[in-house]
Each structure stands twice: as C-alpha cells, then as structure tokens.
Amino acid sequence: MAAFRTRLFVVAAVTVMSATCLETTFTHSAYLDSAHEKYYLQWMYDADIITFRVEVATLGYVGFGISPNGDMTGSDIVTGFVTDQGDTFFYDRYATARATPTIDASQDWTLEASGENGTHTFLQFSRNLVLCDDTDRTIKAGTTRVIWAYHEEDPRHDTELMYHGETRGARSLMLLSGPQLTGEMPEDVQSMEFLNDAYAVPYKRVTNYLYRGFKVPDVGGKKHVIAFEPVVQPGHEGLVHHIFLYACLEDLNPDLYDGVQHLRQSPDYPEDWRSCKVTIIAWDVGGAGIHYPEQVGLSVGAPGDPTFLLMETHYNNVQHKKGIKDSSGIRLLYTSQLREYDLGFMQLGMEVRRTQAIPPGCQSFVSVGTCYPDCLENAMEEESIDKINVVGVHFHAHLAARKMRMRHVRNGVELPWLGSDENFDFNFQQTVRLQREVEVLKGDYLILECTYNTEDRRETTYGGARTQDEMCLGHILHYPNMKLRRCKSNPHRAAYLAALGATGVTFSAAKNDFVVTRPPHMAGKTMKKLLHHFASWNEELRQKFQEVQITGNTSAICLKKDSSYEEYHQQKVTMREPPPVILRPYKETDVCKTPRTSTVASSVKLRKESNEYINGIHGAKRKSARKRGSRRKTRKNHRKLNLSPWRHHSGARKTGW
Ligand SMILES: *[C@@H]1O[C@H](CO)[C@@H](O)[C@H](O)[C@H]1NC(C)=O
Ligand SMILES: *[C@@H]1O[C@H](CO)[C@@H](O)[C@H](O)[C@H]1NC(C)=O
C-alpha cells in the first residue's frame, strides 16, 4: 500500500503539478466504505482550498459528494472516470433528488490529476471551501457528511451516468480538523494497552456500558503519553460506540480491581468506582485517535498520577446479536522524552443527570451548561498561572443532538467559539485538535450549548447513560495541567419546579430532593413526580423549559482531582445565579455577504502566476491548467460550463503509474 502511494505521488507530480504551487502531501485520510477496502479518501486544505484524492477499486466511474445529511438530495457531487484511452471526464454536479445528479452550470471543482492502474481509479480534485451559490455546499469546521459511489464500468458517453446500485454510501468526517498526525514519533516510544478480554457482549439490551478496571503498569518514573489510538476489534466498528478512560477521585487499590469488570447496572458494581469521574481519554465511534501537540503530553508514572484507571465501553448492540466476544480498547503511546507541559483534560457542559430535561416535540431545544469563572480562577491560582491554552475539543451527546457549540465569553463580549459543530452525528464523535490554540483567561466563561431535536419523541428526554437518554458534554484538552477536572452546570431542580408552577420550594432531606411547598395542591411533589403527573406538554411549557436553561438558577459543579465525593454532592444542591447576559454575541462572518478583501485579491494573483508557471512547463496541459485559474471563484466570476466537456488527458495510462 505504501509503495503504491509513493508511485501515485510521482505520477501525479509529473502529469499536472509543479512542485512549487501544489503539494500533494495529504494530511488526512479515511476509508469511506465500511469494509475499509474499496474507497480510500485523502485530503488536505489551506485557508481557501480543499484538495481531495480518491482511490477506488473500480475501472468504471467514481462519484464523491458533500451532503447536508448523508442523503443524495441537496448534495454537491463530482463524478469522473478515466477511459481506456487515458482521457478523464470530470464534472461538478448537483443532486436535487435521488436521481442522476445534474451537471452544475458553474463548474467549481478542479481536476488536478487522474489515472487508472489496472484495478483502481484515482482522481485528485480541489475546490474553494466557500463558493456562495446554491449548488455548492460551503465546507465548514465540524462534521461534514460525505457521500460516495462507484460503478464497475465507464459510461458510454462522457456526461452519462448509469445507476451505481449498492456500491455507494455516506460517512461523517471532520474535514477541517487539525492534523491527524503530527511529526515523527520519538524513537523510544512505547505503548500500553487497556483492552477488554473477549467480553461476551449482552444481546438482550441494545445499550450496554461495561466497566473494566486496570492497574496502570509501572513505567519507571514520569513519562508522557503523546498519542492515543482506538483498538477496535475488526468487525466490531458498528458495535463499539465509545470508549472512555477515567481516573478516580478517591485513591483506589489498583491490585484489588485489576481486570475486574461490571456492567453499569450490575448489583456488584463496586461502590468506590463511582468516584471514577475524571475523563482522561475519550474516543467515540468513527473517530480516529489523536496525537497531542508537540509541546504537551499526558503525564503517567509521576507521583500523584493515577495508579488505577477505569475503562468504560459503550456497546450499542442494535441488532441484538448473540455470541459476540469483544476485545476492543485503547492504546496509549508514551515516551520518556518529556515535553514542555503536562496535558490537562477537563469536562465541561452538563452533569449527566435528570436535571437535564428536554421536552418532547421540540424542533430545536437548547440545553446549556456553564463553567463559571470562579471555578476556573481558583484552579489557575492554585497553579500560579493566569491562563490555560486549549489545544483540542471533544463533544459528546446522544441521538437527539443536532448541534454543539462551546462559547467563550470575556467581560460580556463573546469571543470566537472554541468549537462548533452544526452537523453533530451520534455515530461520529471525534476529538478535534484546534487549528490555533485558544487562551482562556481568569474571569472567562465557557458555555456549552447542545441543541436537540425531539420531534419524534413522546416522552421527556433526560440526561442519562442509555443511548435514548441525552448528554451534553464537552471536553477540552489544555495546558498547563490543573487540578480542575469538571466545570459544569445544570439548571437547578428548583428552577424546573418554578416552571411547572411551584411558587414555593424547599429541600426535603427525607426525599433527598427539592419539593414544592406552594401552591398547596402541588405540595410535597418532586420534579420527577410533577413531570409525571402534571405536565402535559404544550408550546407554553416547552418555552418555559427553554427559558429555564438560559435564565434559571443552576447548580454548578467544580470538581478537582482531590475533591471529595461529599463536596460533589453538596455542589449538586447549591443554587447559583445563571451566567450574565452576553452583551455582544460572536457572529461568524458570512464570507458570502462581505465584500472581497484584499487578501483574496492578492491570492488570486498568486494563483494566476503559478498557473502560468504550470502552463510554461507543461504546454500540453494548458487547458486544464487554465481552468485552474478560475479556482478562486467569486460571486460574479463563475466559470460557466461551455459546451466542450471537462476533458483532461492524464497520461497515466502510458506510464502505468
Ligand atoms: C492499483 O492500486 C491499488 C491501491 O489502491 C492496489 O491495491 C492494486 O494492487 C493496484 N493494481 C495494480 C494492477 O497495480
Ligand atoms: C437564585 O439563586 C440566588 C443565589 O443563590 C438566590 O438568591 C435567588 O433567590 C434564587 N432565585 C430563585 C428564583 O430561586
């Protein structure tokens, strides 16, 4: 495989590209087919342009698209094929239905290289990230659904397309995430694995959370974990939904629990595992591992570092399959060449509790969890630091979640979001390395907003562990490390009670919950009881619940490495005022509505120059190179489809790669 790619690179460089203007060092890659054998995608991007290369096990046509939701309708699609004569036909298309996509009047994708090798077709093409028209989708940070298809044969005419049948699919990718892999591994890199041991996955329930304890191996003094990788047993890609590694608030005896495993609901689940609430690694289905930035590493083996870790594996056995034995887990790569900083991993958002309550029938309901500045500030003061640098973000939620956004507020002014995903996909949740580190200072608020759609639900959705329950979690990877592990909030139960009509509320020690004191007909009821017996959901009540998220009092959780479980309990009942109103919200600039800036203009010039350079060198490639001159499309400057098709002679046949 490696040899193949090297050869590919050479031919691509010879046929179309000059070494000066276009690099073909792809920074990202993924298989799009679930078997990981037929359809291989690589990509790279800069501030304006994204370049893809597909290698597909067919000599027929290949399709690739950017979809709003994984469906073909509304997708921006390219199709291409290489004829036996070595000519490539390549079109920018647009699908308005699940039918042959129409050729786009404005051809905005540029073919850069193409070829066949006897079994596979490859196409390399690029596009501006933002195109500002209705038939091309803007490519943004966050999750993008890509769709793919191919056919065994080339069409008989250049613009024709036969139906691809079952050789098609969709998957989610973070196209604009930071680099997946960075630099080289130090020579002394070693790995430690935390794996399940042929665990017989239950088949009666769909959702199963398995917990397995691990004694952290003796690594001989302080080391830095510099990367983690998922170890998913082949064939179990759809079954293993997420794997988290937790450290514990209490000091547990690692020897007692090494290799011990329990389902969450097991009556034998060790009581002291309940303090294992410090997430240090979070991997979700579809995601890749992550290599930490070069100045940071996760400390292991030093005094105070965890000696015991609890691994949570979420099995999602949708098909109720029997007889599955799973040995998936997590691999940590570590080195003794210590980096400058210890990495910290902090959980933001909401506690996974029933005080996250989402009414049914909502098209868009926003839950809000706040990290209050006093919590952050105290943690920074303990370390004698004034700021932390955030290098990565990871969102976690369940099926009803549609959007996730981590807001960052300083003195009432909102700064650019730490992360925003407008296309959240339960089946694809990945730790994203930020393009640029973000400083969080003392006094800043970090507010996680999770948007849900419950139109298809009839019951209230609560925070909880089951797949059909919800979560609203955001993790930030940062340095320097602090003792702070959780900085979150949920609406306070009293705020919900007020929304349900209570005019007086008190804490009942007997019920260990807040109960209504007034009006009399509700007296003594808890939130759970009221919701069960009194609430019939209507627009007004939905609206009130929505207001509770934003203006209601909260219970704030500020949990440190050395916090006690009692402290945590106390925080759950204490009432806090909601965060102050954001005076100036952050607005993403809509590049399609703002006038062209000089930077764009100068980059157009730069491109043109390099095109001339290409033209000079590869006279025969004039035509395609000229087309590339229009890559910097502006609103007025579309390349109109002329009658001659996009035709590009790759010459790859002759060299046979
Ligand atoms: C063509 O390339 C693919 C790699 O994607 C490789 O697996 C295959 O063996 C190659 N076929 C030939 C005939 O070289
Ligand atoms: C909200 O919390 C504050 C601070 O604890 C308290 O003074 C206030 O009465 C609470 N408001 C409501 C409506 O419970």
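Presented here is a report on the structure given in the accompanying data block. Quantities reported herein were computed from a predicted structural model and do not represent experimental measurements.

## Points about the overall build of the protein
Counting its regular elements, the protein contains 10 helices and 39 strands. Scored against the burial criterion, the 657 residues of the protein give a buried share of 56%. Counting only contacts in the protein whose residues sit at least 6 apart along the sequence, the fraction spanning at least 24 positions is 77%. Carbon and sulfur atoms make up 50% of the accessible area of the protein, which totals about 29000 Å².

## Re helix H7 (residues 565–573)
Those residues of H7 that fall on the buried side of the exposure criterion are Tyr 568, Gln 571 and Lys 572. Along the axis of H7, the buried positions cluster into a sector of 105 degrees, meaning they face one direction only. For H7, the elements touching its buried residues are strand S35 (484–491), helix H4 (493–499) and strand S38 (554–560).

## Side note on the state of the cysteines
Taken as a whole and judged by the stated rule, the model has 4 disulfides. The disulfide partner of Cys 375 is Cys 558, and the S-S distance across this bridge is 2.1 Å. Its torsion about the S-S bond being 90 degrees, the disulfide of Cys 375 and Cys 558 is classed as right-handed. Of this pair, Cys 375 sits in helix H3 (residues 373–382) while Cys 558 sits in strand S38, and the two are 183 residues apart along the sequence.

## With respect to the site of ligand 2
Asn 553, Met 575 and Glu 577 make up every residue found near ligand 2. Side-chain polar atom of Asn 553 to an oxygen atom of ligand 2: 2.3 Å apart, as the coordinates give it. At 3.3 Å, a backbone N or O of Met 575 approaches an oxygen atom of ligand 2. Taking 360 Å² as the accessible area of ligand 2 by itself, protein coverage stands at 36%.

## What about unusual backbone geometry?
Between Tyr 479 and Pro 480 the backbone carries a cis peptide bond, its omega angle lying at -5 degrees. Take Pro 480: it is sitting in the loop between strand S34 (473–479) and S35. With an omega dihedral of -10 degrees, the bond running from Arg 518 to Pro 519 counts as a cis peptide bond. One non-glycine residue, Asn 512, lies in positive phi territory at about 50 degrees. Considering the arrangement of structural elements, one finds Asn 512 in the loop between strand S36 (504–508) and strand S37 (513–518). Given the relative accessible area of 53%, Asn 512 is considered exposed.

## Concerning the packing of aromatic side chains
Within the structure shown, the criterion is met by 25 aromatic pairs. Centroid distance Phe 90 to Phe 125: 5.5 Å. Interplanar angle 35 degrees. Geometry classified as tilted. Taken together, the positions of Phe 90 in strand S6 (residues 87–94) and Phe 125 in strand S9 (residues 121–128) put the pair 35 residues apart, joining distant regions of the chain. Per residue, the accessibility class of Phe 90 equals that of Phe 125, and both read buried. Members of the aromatic cluster, each reached through a chain of ring pairs, are Phe 52, Phe 64, Phe 90, Trp 109 and Phe 125. If you follow Arg 354 out to its NZ or CZ, it ends over the ring of Tyr 462, 3.8 Å from the centre.

## Looking at the pattern of salt bridges
Under the counting rule described, the total for this entry stands at 26 salt bridges. One salt bridge in this structure joins Lys 222 and Asp 342, with 2.9 Å as the shortest N-O distance. Here Asp 342 lies in strand S24 (residues 341–342) and Lys 222 lies in the loop between strand S14 (207–215) and strand S15 (223–231), a separation of 120 residues in the sequence. Owing to a relative accessible area of 30%, Lys 222 belongs among the partly exposed residues under this scheme. Overall, the relative accessible area of 24% leaves Asp 342 in the partly exposed class. Glu 351 is the partner of Lys 488 in a salt bridge, and the nearest nitrogen-oxygen pair spans 2.8 Å. Pair noted here: Lys 488 is in strand S35 and Glu 351 is in the loop between strand S25 (344–349) and strand S26 (357–358), with a separation of 137 residues, a long-range link. We note that Lys 488, like Glu 351, is buried. Here the residues in one salt-bridge network are Lys 140, Arg 405, Glu 422 and Glu 588, joined through shared partners.

## Quick look at the sheet that holds strand S2 (residues 39–45)
Strand pairs in the sheet, formed through backbone hydrogen bonds, run parallel or antiparallel to each other. Read across the open sheet, the 5 strands follow the order S1-S2-S3-S9-S8; overall the sheet is antiparallel. For this open sheet the edge positions go to strand S1 (28–31) and strand S8 (110–116), each flanked by a neighbour on one side alone. Geometrically, the sheet is characterised by an average inter-axis angle of 15 degrees between neighbouring strands, direction not taken into account. As judged from the 8 bridges shared by strand S3 (residues 49–56) and S9, these two strands associate in the antiparallel manner. Each bridged residue has a counterpart across the sheet, and for Arg 53 the counterpart in S9 is Gln 124.

## Thoughts on the side chain of Thr 143
Mapped onto the elements of the fold, Thr 143 is located in the loop between S9 and strand S10 (144–150). Owing to a relative accessible area of 3%, Thr 143 belongs among the buried residues under this scheme. Only 2.5 Å separates the side chain of Thr 143 from the side chain of Asp 421, close enough to count as a polar contact.

## Notes on a positive patch on the surface
Taken together, the side chains of Arg 354, Lys 511, Lys 528 and Lys 529 make up a positively charged region of the molecular surface. Considering the arrangement of structural elements, one finds Lys 528 in helix H5 (residues 527–533). The class for Lys 528 is partly exposed, based on a relative accessible area of 47%.

## As for the nonpolar core
Among the nonpolar cores identified, the biggest contains 54 residues, and Met 346, Leu 376, Ile 476, Met 482, Leu 484 and Phe 545 are the most heavily contacted of them. The residues touching Leu 376, leaving out its near neighbours within four places in the chain, are Met 346, Cys 371, Val 440, Asp 444, Leu 446, Met 482 and Leu 484. Ile 243, Ile 280, Val 296 and Tyr 315 belong to the second largest nonpolar core, which has 53 residues in total.

## So, the pairing of strand S5 (residues 76–82)
Counting buried positions along S5 gives 7 out of 7 residues, so the element sits mostly inside the fold. Here S5 shows two buried faces, one formed by Asp 76, Val 78, Gly 80 and Val 82 and the other by Ile 77, Thr 79 and Phe 81. Across 5 bridges, the pairing between strand S4 (residues 62–67) and S5 is antiparallel. Residue pairing in the sheet places Gly 65 in a bridge with Ile 77 of S5.

## Topic: the environment of Arg 339
You can see Arg 339 is positioned in the loop between strand S23 (329–335) and S24. Through-space distance from the C-alpha of Arg 339 to that of Val 296 is 5.5 Å; in sequence the pair is 43 residues apart. From its side chain, Arg 339 meets the backbone oxygen of Val 296 in a polar contact 2.9 Å long.

## Structural notes on a negative patch on the surface
Residues Glu 250, Asp 251, Asp 272 and Glu 566 make up a contiguous surface patch of negative charge. In this fold, Asp 251 is placed in the loop between strand S16 (240–247) and helix H2 (254–257).

## Some thoughts on the pairing of S14
Across the 9 residues that make up S14, a large majority, 8, are buried. Looking at chain direction, S14 and strand S17 (residues 261–263) are connected through 3 bridges and run antiparallel. Within the sheet, the bridge partner assigned to Leu 210 lies in S17 and is Leu 263.

Each value, and the rule that gives it
- Residues numbered from 1 in each chain as written.
- Chains lettered and ligands numbered in written order.
- Predicted model: local features only at pLDDT ≥ 70, side-chain atom pairs only at ≥ 80, totals over all residues.
- Heavy atoms only, no water.
- Helix = DSSP H or I, 4+ residues; strand = E, 2+ residues; numbered from the N terminus.
- Buried < 20%, exposed > 50% of the residue type's maximum accessible area, 1.4 Å probe, protein only.
- Contact = heavy atoms within 4.5 Å.
- Areas by Shrake-Rupley, 256 points an atom, 1.4 Å probe, with all protein chains shown as cover.
- Arc of directions from axis to C-beta.
- Disulfide = S-S within 2.5 Å.
- Near = heavy atom within 4 Å.
- Polar contact = N/O pair within 3.5 Å; in protein donor to acceptor, adjacent residues only side chain to side chain.
- Phe/Tyr/Trp six-rings, centres within 6.5 Å; stacked < 30°, edge-to-face > 60°.
- Lys NZ or Arg CZ within 6 Å of the ring centre and 35° of its normal.
- Salt bridge = Lys/Arg side-chain N within 4 Å of Asp/Glu carboxyl O.
- Pairing = 2+ DSSP bridges.
- Axes fitted to C-alpha atoms, helices over the stretch in contact; angles between N-to-C directions.
- Patch = residues over 30% accessible without salt bridge, like charges linked within 9 Å, V, L, I, M, F, W, Y side chains within 5 Å.
- Lys, Arg positive; Asp, Glu negative; His and termini not counted.
- Charge placed at Lys NZ, Arg CZ, Asp CG, Glu CD.
- Core = buried A, V, L, I, M, F, W, Y, C linked by side-chain atoms within 4.5 Å.

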